[in-house]
Amino acid sequence: MTLREQINDDVKSAMRSGDTARRDTIRLLLAALKQREVDERKTLTDVDVLGIIEKMLKQRRDSISQFEQGKRQDLADKEKQELVLLQAYMPQAMSEDELAAAVTAAVVEADARSPADMGKVMAALKTTLAGLADMSKVSAAVKAQLSKP
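Treat the numbers as computed from the prediction; the structure is a model and nothing was measured.

Student: Can you break down the confidence of the model for the protein chain residue by residue, with the values?
Tutor: The predicted model of the protein chain averages 89 in pLDDT, with 98% of residues at 70 or higher. In the model of the protein chain, helix α6 (residues 118-128) stands out as the element of lowest mean pLDDT, 82, in contrast to helix α2 (residues 20-40), which has the highest, 95.

Student: Mind laying out the environment of Asp74, listing which residues take part and the relevant values?
Tutor: Within the secondary structure, Asp74 is located in helix α4 (residues 73-87). A polar atom in the side chain of Asp74 sits 3.1 Å from the side chain of Arg72.

Student: Break down the side chain of Arg60 for me, with residues and values.
Tutor: Residue position: Arg60 is located in helix α3 (residues 46-69). Within the local environment of Arg60, its side chain forms a polar contact with the side chain of Glu79, the two groups lying 3.5 Å apart. Not counting chain neighbours up to four residues away, the residues in contact with Arg60 comprise Leu28, Glu79, Glu82, Leu83 and Leu86.

Student: With reference to specific residues and values, describe the pattern of salt bridges.
Tutor: A complete count under the given rule lists 14 salt bridges for this structure. Two residues, Asp10 and Arg22, come together in a salt bridge whose shortest N-O distance is 3.8 Å. Taken as a pair, Asp10 in helix α1 (residues 3-17) and Arg22 in helix α2 lie far apart in primary sequence, 12 residues in all. A cluster of three or more residues bridged by salt bridges with shared partners is formed by Arg36, Glu40, Lys42 and Asp48.

Conventions we followed
- Residues numbered from 1 in each chain as written.
- Predicted model: local features only at pLDDT ≥ 70, side-chain atom pairs only at ≥ 80, totals over all residues.
- Heavy atoms only, no water.
- pLDDT = per-residue confidence, 0-100.
- Helix = DSSP H or I, 4+ residues; strand = E, 2+ residues; numbered from the N terminus.
- Polar contact = N/O pair within 3.5 Å; in protein donor to acceptor, adjacent residues only side chain to side chain.
- Contact = heavy atoms within 4.5 Å.
- Salt bridge = Lys/Arg side-chain N within 4 Å of Asp/Glu carboxyl O.

Right, dumping it as structure tokens:
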């Protein structure tokens, strides 16, 4: 079963159970998926779906910090609830050791020697680590690896 099929099944079960918060969050996700399919005129793969979910998670994190700064805890709580629901679709995150090993392998494979080669390494890692690691952490790890003398 693809991730897209799982999301469709989950929205149906949320509708049956009367879980409005879950239903509404999944509908937002489905709308984002449909919009991407229409824009790019293609059927989304699981990697594409994970990328969209990752983007939505980042938006939720940003919104939470903004709402907390603005002293709107009610809106921050709603965003936190959506964040938890969306994270359920993400695969188990990589450990720090696994991430470091993946970065080292990508640096060797791309024959990167300096921070100027960071783009090549990130391009390779973006496809292999989609949904498995926070790309900002990956970027920091690559930068640290390439900065070593």
